[in-house]
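Structural overview for review
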There are 2 protein chains.
Amino acid sequence: MYNYPIKVQRLINEISKLPGIGNKMAERIALYILRQDKLFIDNLSRAIDDIKLINFCQRCFNISEDKLCEICKDDNRDPSIICVVESPLDIISIEKTGKFTGTYHILNGLINPLNNILPDNLKIQELIKRIKDEKNIKEIILAINHTVEGDTTTLYIISAIKENLLNVKITRLAKGLPTGSDIKYADEITLGQAIMERKEV
Amino acid sequence: MYNYPIKVQRLINEISKLPGIGNKMAERIALYILRQDKLFIDNLSRAIDDIKLINFCQRCFNISEDKLCEICKDDNRDPSIICVVESPLDIISIEKTGKFTGTYHILNGLINPLNNILPDNLKIQELIKRIKDEKNIKEIILAINHTVEGDTTTLYIISAIKENLLNVKITRLAKGLPTGSDIKYADEITLGQAIMERKEV
């Protein structure tokens, strides 16, 4: 049966390995790349190739070009507060708020036994070691999604910190109604949480 | 403001230029690539780079590694019937049916003045020249989508063939009800076409 030339087929295969891209979309993207000029293709392949030069921060596991990431190297950041997040994407979101001036610790995922992601695959032991080594840590903020995997991971980290008798304050992001939301349309779990966690004014 | 290292940001930018990929998805794909091993990254960047070696068939403009594509080189194909299609994707679909043994001519798009795609941007003049040069062409099948752009392009090609006084049969793909469809649920335009183009049995 007639098919694409082998080089085109190989490109479709490689693209379809990327997350969120099915076979039809990979085909469309490959044929699009095929029609672009040399410069476009060079820029794309070089950008991918250059990513091999990117490392992870030895301290917080954020993506970084050096041994320490920009945040860990920044003397204006408070090293005594560590915000624990799932991925570098979360850091960008939190930094955009401008409300946090501490440091981070990236887990690189959440506990999910069904997908074979166990506590040892995440940077949890590294977090415990960091709290012990750096000594002056005052607070651990667990900025982890309120999902089944997120809650499992949060509980696991809390118990690991307590087992190691580490004397740090542990906090979680506040649950409640999103800004600009309407009580009429809030889902019952979110509204229930907002009622339970109500604050005196 | 804190952002990704420049190499990561550049990869996100390049990926977001691909069709159907927004900024958030480009971010997700870039961070996914970042976490893969050297082999995965090498395979992807090389597959993209290799696409520069792909050419277009000099005769039908299908994608090809040589001057002529596999179909044009194949002696078992009937050169007197040319199926005119929008893109190489259509060839794969038509070949899968196993119902066509002629050759193709790829337009590389459809007339769409709003997107600045005019008849001269497509391989229409090349089709007219091909019919004149190859002399033995008997039939031109216009396998073009039944959309506004498709119908405009179809009409343009029909009039270009007639203006050049070329003696070839021109056909279009049959319109009608899709196989396995239910008359109750067919849209009125499709059903109307199926009634108008009904056949004696």
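Coordinates for the structure precede this section.
In short, a report on the structure. (Residues numbered from 1 in each chain as written. Chains lettered and ligands numbered in written order. Predicted model: local features only at pLDDT ≥ 70, side-chain atom pairs only at ≥ 80, totals over all residues. Heavy atoms only, no water.)

Take chain A, turn it by 180°, move it 0.0 Å along the axis, and it overlays chain B with an RMSD of 0.1 Å. Each copy turns onto its partner about a two-fold axis. Measuring from the rotation axis to each C-alpha of chain A, the shortest distance belongs to A:Ser45, at 2.3 Å. The residues that chain A uses at the interface reappear at the interface of chain B in 100% of cases, marking a shared surface. (Least-squares fit on C-alpha atoms with pLDDT ≥ 70 in both. Contact = heavy atoms within 4.5 Å.)

All names here are of chain B. On the basis of which strands lie adjacent, the open sheet formed by four strands has the order E4-E3-E5-E6 and parallel pairing. Bordering the open sheet on either side are strand E4 (102–106) and strand E6 (169–172), each of which pairs with just one other strand. Shown here is a sheet whose adjacent strand axes are inclined to one another by a mean of 25°, direction ignored. Here strand E3 (residues 78–85) runs beside E4; their pairing, made up of five bridges, is parallel. (Pairing = 2+ DSSP bridges. Helix = DSSP H or I, 4+ residues; strand = E, 2+ residues; numbered from the N terminus. Axes fitted to C-alpha atoms, helices over the stretch in contact; angles between N-to-C directions.)

We now examine the sheet that holds strand E5 (residues 139–142) of chain A. Think of a sheet as strands paired side by side through backbone hydrogen bonds, with each pair either parallel or antiparallel. Residue and element names in this part refer to chain A. In spatial order, the strands read E4-E3-E5-E6; together these four strands make up an open sheet with parallel pairing. Only two strands of the sheet have a single neighbouring strand rather than two, namely strand E4 (102–106) and strand E6 (169–172). Going from strand to strand, the sheet's axes swing by 25° on average, the running direction of each strand aside. Sheet strands touched by helix H6 (residues 124–134): strand E3 (78–85), E4 and E5. Its angle to E4, the strand with the most contacts, is close to 145°.

Residues spaced three or four apart along an α-helix point in a common direction, a consequence of the helix completing one turn every 3.6 residues. Every buried residue of helix H1 (residues 6–16) of chain B is accounted for by B:Lys7, B:Val8, B:Leu11, B:Ile12, B:Glu14 and B:Ile15. Mapping the buried residues of H1(B) onto a view down its axis gives an arc of 165°, with all of them on the same face. Each element contacted by the buried residues of H1(B) is listed here: helix H3 (38–50) and strand E2 (63–64) of chain A together with helix H2 (23–34) of chain B. (Buried < 20%, exposed > 50% of the residue type's maximum accessible area, 1.4 Å probe, protein only. Arc of directions from axis to C-beta.)

Residues and elements named next belong to chain B. Of the two faces of strand E5 (residues 139–142), both are covered, the one formed by Glu-139 and Ile-141 as well as the one formed by Ile-140 and Leu-142. Strand direction decides the pairing type here: E3 and E5, joined by four bridges, are parallel. The residue bridging Val-84 from the neighbouring strand is Leu-142, located in E5. The pairing of E5 with E6 spans four bridges and is classified as parallel. When the sheet's bridge partners are listed, Glu-139 is paired in E6 with Lys-169. As for the winding sense of the linkage, the β-α-β connection from E5 through helix H7 (residues 148–163) to E6 is right-handed. (Right-handed = clockwise from strand over helix to strand, strands pointing away.)

Moving on, we come to the interface of chain A and chain B. Contacts between the two partners involve 56 residues from chain A and, on the opposite side, 56 residues from chain B. Taken together, chain A and chain B are joined by six salt bridges. With its nearest N and O atoms 3.3 Å apart, the salt bridge here joins B:Glu65 to A:Lys7. Linking chain A to chain B there are six residue pairs in polar contact (both at pLDDT 80 or more). Of all elements in the fold, only helix H1 (6–16), helix H2 (23–34), H3, E2, helix H4 (70–73) and helix H5 (88–97) of chain A reach the threshold of two or more residues within the side of chain A that touches chain B. (Salt bridge = Lys/Arg side-chain N within 4 Å of Asp/Glu carboxyl O. Polar contact = N/O pair within 3.5 Å; in protein donor to acceptor, adjacent residues only side chain to side chain.)

Residue placement: A:Glu95 occurs in helix H5. Residue class for A:Glu95 comes out buried when judged on its relative accessible area of 11%. Excluding residues that lie within four positions of it along the chain, A:Glu95 makes contacts with A:Ile71, A:Arg77, A:Phe100, A:Tyr104 and B:Tyr2.

By volume, the largest pocket amounts to about 390 Å³. In this structure, the largest pocket is lined by 16 residues; those nearest its centre are A:Arg35, B:Glu86, B:Ser87, B:Asn108 and B:Gly109. Those elements that place two or more of their residues in the lining of the largest pocket are H2 of chain A together with helix H5 (88–97) of chain B. Here the residues of the lining of the largest pocket sort into six nonpolar, five polar and five charged. When contributions to the lining of the second largest pocket are tallied by element, the ones reaching two or more residues are H5 of chain A together with H2 of chain B. For the lining of the second largest pocket, the element with the highest residue contribution is H2(B), accounting for three residues. For the lining of the second largest pocket, the per-class residue count stands at four nonpolar, four polar and four charged. (1 Å grid on protein atoms, 1.4 Å probe; cavity = no way out; pocket = protein on both sides within 12 Å on 5 of 7 lines; lining within 4 Å. Points joined across faces, edges and corners; volume = space filled by probe spheres on them. Nonpolar A, V, L, I, M, F, W, Y, C, P; charged D, E, K, R; others polar.)

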